[in-house]
Amino acid sequence: MTAPDTGPSSAHWRVSQSTRAGRFGLLVWAALLAAAAALPWWADASYMRLATEFACLLVLAQMWNLLAGYGGMVSVGQQGYLGIGGYALIALADYGGINPFACVLLAGGVAAAVSVPTAALVFRLQGGHFAIGTWVVAEVFRLVASNTAALGGGSGRSLQAMREFARALREPLTYWIGLAVAAASVTGVYLLMRSRLGLALAALRDSEVAAESQGVNVRFTKVLVYVLSALGCGVAGALYFLMNLRISPDAAFTVGWSAAIIFIVVIGGIGTIEGPIIGTLLYFALRETLADFGTWYLIALGIVAIVAMVRFPKGIWGTLAERYGLYLFPVQRRVVRDP
Amino acid sequence: MPAALLGWTDTLVQGVMLGGLYGLFAVGLSLVFGVMRIVNIAHGDLIVLAAFGAIVATSASGTVPAPGLPLWIAAPLVVAAMYAFGYILQRGVLNTTIAGGELPPLLVTFGVSIVIQNLLLEFYSADPRSLAAGGLETRSVELFAGVTVGVLPLATLAIALGITAFLQWLFGRTNIGRAFRAASDDPEIAGLMGIATRHVYALATALALAVVAIAGMLLAVRTTVAPADGPNNLIYAFEAVIIGGLGSFWGTLAGGVILGISQAIGFRLSPGWGAFAGHIVFLAILALRPQGLFPRTRTQA
């Protein structure tokens, strides 16, 4: 650090969150969204399906990164809220008679509502114990779903409310909702991290005691982030099963979701917004090319994640950003000097 | 004794026996956490790995390779192999991540869990298997009028008690135990006092995996194991640790017994609710007594 050479006056120094790459990133982001919105006109249904699934995983990865990367709360149980989102979609659409597309957001609300009392329980655990505690809660949700006959029990059920909609309407509509949700998750995390709350979150991740002493309401901030993450995962779950049209407890609540999300965020770069995007791209690229190798593909994913965590704990984007000072979604606060 | 009471006594006894196995799962997890503050997500999969190791070593056909060793030779080999694997895993992989806080080791063990599960799946298929123990698995003795217990569950409980007593003695009374506690309390000061923390950490994980090996083999004799069973074993071990509180190995074993009894009662009420009853007891403890039933009451000298 060099001291300002203009004397004691700090008038020429300010805290900035804007970077040149960031302004460029905003342009790229807008262009990509416009191109993606037009996808139903230039790609066939299988791509729409793949893109919707991509959106689900991107949302989940952003939500997990918000929780673990920015908030320091590692959960292995976000599949619990994903599953609740999926089941809430079925319950609201099939039993409540609500338009299934409108249910996607409502399902997120249900997941968020469930996460409030859950937070009171799991927040009694710290660190690794918190991680497995969230997993136990997801298991409890799974057992409740598989023992509820109205939700199809252990074998699950399909989304019957969807019969009214023609395929030609259903597929693009599901895709657009996916695109909107994915864009909202990236933008939402970006804006959140640039806000006062984001600053508080970054502070308490680095040191809870120090954050508290600076007036951060640690408990409130953590619960808020946990609930927001549950909301996002619930929406992603509803979206996934809106596309899939069929849900079962094992598909909805499998810890395999956590495995995929953690792989995505760790490889892409934990604690960055770009990381989960790159990680999701890489995950899909690997899955589409190596899916024929079955379990070997999963073994490779596991080994890559271990090596990444040991050798490149910042992931792909974190390593690049550090080396080249590249921030497409700048949430860091830097001191810059005005000319 | 009236039949209903007899039935419940039987449930209770079965629960205690099952709890011995869970206690054994749990002391390994609590050992690694106690010394290194690492929560090993691969714990359950390591239990399954040890079970498969013993099954493969004793089978004379069907799997490749099929050495067909007798169990009394295979069992110590599996324990030794897991001990060595634990040392290498800690020294070669986990030690390098420990400085970065609790996130990296957690995620690394999560990766290890996925690798173990899928390797087992690739080589031995998803079929459940069990370990033959020369008729021990079906033998039983009459404990008191009308209540019979299997020799194997009884032996499991005795082994769990023995291992817990051994670990408690090791941690409380021996030099290596003092080194474990010192490295746990303050690794830097322990290092200054001449304790090779990296080696001590590796020994702790090695010891935990030796316990895991015994637990895994007892599990495989008792019931079947499949590659996908790891996560459940981890969750039961974890619940036992939290129910017991982080005070001592005895507390952890007691937590396992309470979990076993809860599951046995739940299972008796309705076969679909066994694991669920265990989860509910765990959550109730978390809500009412988050420090666990037997927390550390004094700072250990």
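The shown structure was predicted, so the numbers you read here are calculated from the model rather than taken from an experiment. (Residues numbered from 1 in each chain as written. Chains lettered and ligands numbered in written order. Predicted model: local features only at pLDDT ≥ 70, side-chain atom pairs only at ≥ 80, totals over all residues.)

Undergrad: Any details on the overall build of chain A? Residues and values, ideally.
TA: Secondary structure assignment for chain A yields 15 helices and 4 strands. Against the compact-globule benchmark of 20 Å for 339 residues, chain A has a radius of gyration of 21 Å, which places it among compact chains. Once the C-alpha set of chain A is aligned to its principal axes, its extents read approximately 75 × 50 × 40 Å. Taken across its 339 residues, chain A has 47% of its residues classed as buried. A separation threshold of at least 6 residues defines the contact pool for chain A, and within that pool the share at least 24 residues apart is 78%. (Helix = DSSP H or I, 4+ residues; strand = E, 2+ residues; numbered from the N terminus. Rg over C-alpha atoms; globule rule 2.2 N^0.38 Å. Buried ≥ 20, exposed ≤ 12 C-beta atoms within 10 Å, placed from the backbone. Contact = placed C-beta atoms within 7 Å.)

Undergrad: Outline the overall build of chain B, supporting the account with residue identities and numerical values.
TA: The helix and strand inventory of chain B stands at 11 helices and 2 strands. Scaling as 2.2 N^0.38, a compact globule of 301 residues should have a C-alpha radius of gyration of about 19 Å, and chain B matches this with 19 Å. Projected onto its principal axes, the C-alpha coordinates of chain B cover approximately 65 × 50 × 30 Å. Taking all 301 residues of chain B together, the buried fraction comes to 52%.

Undergrad: Describe the nonpolar core, listing the residues and the values that go with them.
TA: Counting 213 residues, the largest nonpolar core has Leu60, Leu89 and Leu239 of chain A together with Ala51 and Met217 of chain B as the members making the most contacts within it. A per-element tally of this core places helix α8 (residues 197-222) of chain B first, with 20 residues. Leu239 of chain A has contacts with Thr52, Ala55, Cys56, Val104, Ile177, Gly178 and Val181 of chain A, leaving out every residue within four places of it along the chain. (Core = buried A, V, L, I, M, F, W, Y, C linked by C-beta atoms within 7 Å.)

Undergrad: Can you break down the interface of chain A and chain B residue by residue, with the values?
TA: Taken together, the 30 residues of chain A in the interface contact 36 residues of chain B. Counting only elements with at least two residues in the side of chain A that touches chain B, the list comes to α6 (127-146), α12 (256-268) and α14 (295-311) of chain A. Considering each element in turn, the side of chain A that touches chain B owes the most residues, 11 residues, to α14 of chain A. A class-by-class count of the residues in the side of chain A that touches chain B yields 22 nonpolar, 6 polar and 2 charged. (Nonpolar A, V, L, I, M, F, W, Y, C, P; charged D, E, K, R; others polar.)

Undergrad: Explain the pairing of strand β2 (residues 147-150) of chain B residue by residue, including any values.
TA: All names here are of chain B. Of the pairings in the sheet, the one linking strand β1 (residues 140-144) to β2 comprises 4 bridges and is antiparallel in character. Counterpart to Ser140 in the pairing with β2 is Gly150. Between β1 and the antiparallel strand that follows it, β2, lie 2 residues; Gly146 among them carries a positive phi value of about 90°. (Pairing = 2+ DSSP bridges.)

Undergrad: Break down the environment of Ile278 of chain A for me, citing the residues and quoting the values.
TA: Residue and element names in this part refer to chain A. Looking at where Ile278 falls in the secondary structure, it is placed in helix α13 (residues 274-290). Residue Ile278 is classed as partly exposed on the basis of its C-beta count, with 19 C-beta atoms lying within 10 Å. Once the C-alpha coordinates of Ile278 and Leu66 are considered, the two residues, 212 residues apart in sequence, prove to be 16 Å apart. Those residues in contact with Ile278, other than ones at most four positions away along the chain, are Gly268, Gly269, Ile316 and Trp317.

Undergrad: With reference to specific residues and values, describe the packing of helix α2 (residues 43-58) of chain B against helix α9 (residues 230-244) of chain B.
TA: Residue and element names in this part refer to chain B. Two numbers describe how α2 lies on α9: the axes approach to 6 Å, and their chain directions differ by 120°. The angle between the axes of α2 and α9 places the two elements in the oblique class. The chirality of how α2 crosses α9 is right-handed. Contacts from His43, Gly44, Asp45, Ile47 and Val48 of α2 reach α9 at Gly230, Pro231, Asn232, Asn233, Leu234 and Ala237. (Axes fitted to C-alpha atoms, helices over the stretch in contact; angles between N-to-C directions. Parallel < 35°, antiparallel > 145°, perpendicular 65-115°, else oblique. Left-handed = near helix turned anticlockwise from the far one by under 90°.)

Undergrad: Lay out unusual backbone geometry with the relevant residues and their values.
TA: Residues and elements named next belong to chain B. Phi at Arg37 takes a positive value of approximately 60°, unusual for a residue other than glycine. For Ser125, which is not glycine, the phi dihedral falls at a positive 60°. By secondary structure assignment, the location of Ser125 is in the loop between α4 (103-124) and β1. Here Ser125 falls in the exposed class, since 11 other C-beta atoms lie within 10 Å of it.

Undergrad: How would you sum up the packing of helix α3 (residues 71-97) of chain B against α8 of chain B? Please name residues and give values.
TA: Residue and element names in this part refer to chain B. Their axes nearest at 7 Å, the elements α3 and α8 cross at an angle of 145°. Considering only the axes of α3 and α8, their crossing is right-handed. Of the residues contributing to the contact of α3 with α8, the split by class is 19 nonpolar, 4 polar and 2 charged.

Undergrad: Tell me about α14 of chain A, and please be specific about residues and values.
TA: Each α-helix winds once per 3.6 residues, and so residues spaced three or four apart point in a common direction. The terminal C-alpha atoms of α14 of chain A, which comprises 17 residues, lie 24 Å apart, in line with the 24 Å expected from a rise of 1.5 Å per residue. The complete set of buried residues in α14 of chain A reads Leu298, Leu301, Gly302, Ala305, Ile306, Ala308 and Met309 of chain A. Each buried residue of α14 of chain A lies within a common arc of 165° when the element is viewed along its axis, so the set occupies one face. Looking at the packing, one finds that the buried side of α14 of chain A touches α12 and α15 (315-324) of chain A together with α3 and α4 of chain B. (Expected span 1.5 Å × (residues − 1). Arc of directions from axis to C-beta.)

Undergrad: Tell me what's going on with the environment of Ala190 of chain B, and back it up with residues and numbers.
TA: Relative to the helices and strands, Ala190 of chain B is located in helix α7 (residues 187-192). Setting aside residues up to four positions removed in sequence, Ala190 of chain B forms contacts with Ala182, Ala183, Ile195 and Thr197 of chain B.

Undergrad: Could you give an account of the confidence of the model for chain B, with specific residues and numbers?
TA: Residues and elements named next belong to chain B. Across chain B, pLDDT averages 90, with 97% of residues at or above 70. Confidence scores differ between elements of chain B, with β1 showing the lowest mean pLDDT of 81 and α8 the highest of 96. The complex prediction reports pTM at 0.90, with the ipTM value standing at 0.89. (pLDDT = per-residue confidence, 0-100.)

Undergrad: Quick one: what's the story with helix α8 (residues 196-206) of chain A, residue by residue and with numbers?
TA: All names here are of chain A. Within the span of α8, buried status applies to Gly198, Ala200, Leu201, Leu204 and Arg205. In an axial view of α8, the angular spread of the buried residues amounts to 160°, which keeps them on one side of the axis. Exposed and oriented more than 90 degrees from the buried face of α8 are Arg196 and Asp206. Those residues of α8 that are buried are in contact with α3 (45-70), α7 (167-194), α9 (208-213) and α10 (218-244).

Undergrad: A description of the environment of Trp8 of chain B should follow, citing residues and the corresponding values.
TA: All names here are of chain B. Looking at where Trp8 falls in the secondary structure, it is placed in helix α1 (residues 3-36). On the basis of neighbour counts, which here come to 14 C-beta atoms within 10 Å, the residue Trp8 falls in the partly exposed class. Spatially, the C-alpha atoms of Trp8 and Ile265 are 8.2 Å apart, while their sequence positions differ by 257 residues.

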